[in-house]
Amino acid sequence: MQRYDIAIIGSGPAGLSAAINAKIRNKNIIIFGYEDFSSKLIKAPKINNYLGFHGISGLELKEKFKEHIEAMNIEITYERVNNIYAMGEYFSIMVNETIYEAKSVVVATGIEYTKPLKGEEEFLGKGVGYCATCDAPLYRNKIVTVIGYNKEAEEEANYVSELASKLYYIPMYKSNYELRDGIEIVQDKPMDIIGKDRVEKLILSSRQLETDGLFILKDSISPAQLVPGLLMEEGHIKVDRTMKTNIEGCFAAGDCIGRPYQYIKASGEGLIAALSAVSYVDSKRI
Ligand SMILES: Cc1cc2nc3c(=O)[nH]c(=O)nc-3n(C[C@H](O)[C@H](O)[C@H](O)COP(=O)(O)OP(=O)(O)OC[C@H]3O[C@@H](n4cnc5c(N)ncnc54)[C@H](O)[C@@H]3O)c2cc1C
């Protein structure tokens, strides 16, 4: 299996900046993310604090980023990373059925503004999950509920519905939902997850759903879930000035390491994280 020098998780300004700087230093990289790069980027109506681009819209800035990475032959792998395991000399990066290997990792996954639901953390692994396609076989002929925060969640819901006996889809956004026949769309606000040893019910503001499984599909999951053993501090990944985390070879940049949440800060940190990863890989001669 090909072992990359640096795997970058996230395609926002932090991840893209890490990618271009690692590429300039001739490293063999892989970057995971989405076609739109970052939902936070394309949503910004007007940006006045990104040096050199006064008054640009988020969509225009995204096009500039796209031209930049294309000019440097950087291709984004459009996959969501589920877990990253530190194996000592290298990292195993789990993406559904595929495992990638890299000598170092830059976590640039942004931050979720939404708070976890009541019961979410308590029932994690006991009916609550963040990757529907990974865990779908556990719910063959069972009732499953998917709370989807983005369009990609529809694809996961469609897949799970092929196995589940019943699938409820709760969209947390407005769109034309492309869902298979038989999936019940529930337009309601999730409030609470209840059960004894496992999830039994999802309480919504105006009804209750009996469910065996509950998938909460957001743009990003907590970094501590993504990388077991990663040290957090007040909801952010703890790093030093070189963007080093507590795990050797693992670096982090952008909103996921702390405030202020801004593009140019994220890009700058992406640069530092990439250079630190380059030094790490070179020093190890691995
Ligand atoms: C409406 C709005 C307006 C804003 N306006 C401004 C502004 O004017 N000026 C300014 O400086 N800042 C602004 N911001 C803040 C700015 O968007 C963020 O600070 C910036 O996007 C952070 O960059 P990032 O790379 O750290 O994370 P993000 O941009 O959030 O990118 C992280 C990416 O990683 C992906 N990802 C997460 N987990 C995984 C995984 N497991 N596998 C694969 N990919 C994953 C995410 O889906 C996302 O695409 C605004 C934000 C919003 C929401």
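On a predicted model such as this, the values are computed, not experimentally measured, just so you know.

Participant: Give me the lowdown on the packing of helix α1 (residues 13-24) against helix α7 (residues 263-284), citing residues and values where you can.
Facilitator: Packed helices, taken two at a time, are described by the angle their axes make and the gap between the axes. Where α1 contacts α7, the two axes come as close as 7 Å, and the packing angle between them is 40°. Overall, the two elements α1 and α7 adopt an arrangement that is oblique. Our pair here, α1 against α7, has a crossing hand that is right-handed. The residues of α7 that touch α1, namely those facing P13, A14, S17, A18, N21 and A22, are Y263, A266, S267, G270, L271, A274 and V278. When its residues are assigned to classes, the contact of α1 with α7 shows nine nonpolar, four polar and no charged.

Participant: Give a description of the site of the ligand that names residues and reports values.
Facilitator: What surrounds the ligand is a group of 31 residues, the closest being Y34, F37, S38, D255 and Y263. The separation between an oxygen atom of the ligand and a polar main-chain atom of A14 is 3.0 Å. Residue F37 places a main-chain N or O atom 2.7 Å away from an oxygen atom belonging to the ligand. For the ligand, whose free accessible area comes to 1,000 Å², the fraction covered by protein is 88%. Broken down by secondary-structure element, the contributors of at least two residues to the shell around the ligand are α1 and α7.

Participant: Can you tell me about the domain arrangement of the chain, naming the residues and giving the values?
Facilitator: One can read the domain layout of the chain as domain 1 (4-112 + 220-284) and domain 2 (128-217). Computed from C-alpha atoms alone, the centre-to-centre distance between domain 1 and domain 2 is 29 Å. Each partner contributes residues to the interface: domain 1 has six residues there, and domain 2 has five residues. Across the domain 1 to domain 2 interface the summed buried area is about 490 Å²; carbon plus sulfur atoms make up 58%. At the surface where domain 1 touches domain 2, the tally comes to zero salt bridges.

Participant: Account for the nonpolar core, with residues named and values stated.
Facilitator: Membership of the largest hydrophobic core comes to 73 residues, with the highest contact counts inside it found for I6, I84, I93, V105, V107 and I193. Sorting elements by how many residues they give to this core places α7 first, with eight residues. Here this core spans two domains, since at least three of its residues come from each of domain 1 (4-112 + 220-284) and domain 2 (128-217). Sequence-distant contacts of I93, that is, excluding residues within four places in its chain, are made with A7, F32, V81, N83, I84, T98, I99, Y100, A102 and V105. Core analysis: the next-biggest nonpolar cluster, separate from the first, contains 18 residues, V144, L163, L179 and I183 among them.

Participant: For helix α5 (residues 152-163), give the residues involved together with the corresponding values.
Facilitator: Among the residues of α5, A153, E154, E156, A157, N158, V160, S161 and L163 are the ones counted as buried. For α5, the secondary structure elements touched by its buried residues are α4 (132-135), β8 (143-148), β9 (166-171) and β14 (213-217).

Participant: Break down the pattern of salt bridges for me, with residues and values.
Facilitator: Overall, the coordinates contain 13 salt bridges when judged by the stated rule. In this structure, the salt-bridge partner of E248 is K284, at a minimum N-O distance of 3.6 Å. Taken together, the residues E248 in the loop between β16 (236-237) and β17 (250-252) and K284 in helix α7 connect sequence positions 36 residues apart. By relative accessible area, which is 52% here, E248 ends up exposed. Taking relative accessible area as the criterion, K284 reaches 33% and is therefore assigned partly exposed. With a closest N to O distance of 3.0 Å, K265 and E269 form a salt bridge. Separated by four residues within a single helix, K265 and E269 lie in helix α7, roughly one turn from each other.

Cut-off values and rules
Residues numbered from 1 in each chain as written. Predicted model: local features only at pLDDT ≥ 70, side-chain atom pairs only at ≥ 80, totals over all residues. Heavy atoms only, no water. Axes fitted to C-alpha atoms, helices over the stretch in contact; angles between N-to-C directions. Helix = DSSP H or I, 4+ residues; strand = E, 2+ residues; numbered from the N terminus. Parallel < 35°, antiparallel > 145°, perpendicular 65-115°, else oblique. Left-handed = near helix turned anticlockwise from the far one by under 90°. Contact = heavy atoms within 4.5 Å. Nonpolar A, V, L, I, M, F, W, Y, C, P; charged D, E, K, R; others polar. Near = heavy atom within 4 Å. Polar contact = N/O pair within 3.5 Å; in protein donor to acceptor, adjacent residues only side chain to side chain. Areas by Shrake-Rupley, 256 points an atom, 1.4 Å probe, with all protein chains shown as cover. Domains from an automatic or database assignment. Buried area = accessible area lost by both parts, 1.4 Å probe. Salt bridge = Lys/Arg side-chain N within 4 Å of Asp/Glu carboxyl O. Core = buried A, V, L, I, M, F, W, Y, C linked by side-chain atoms within 4.5 Å. Buried < 20%, exposed > 50% of the residue type's maximum accessible area, 1.4 Å probe, protein only.

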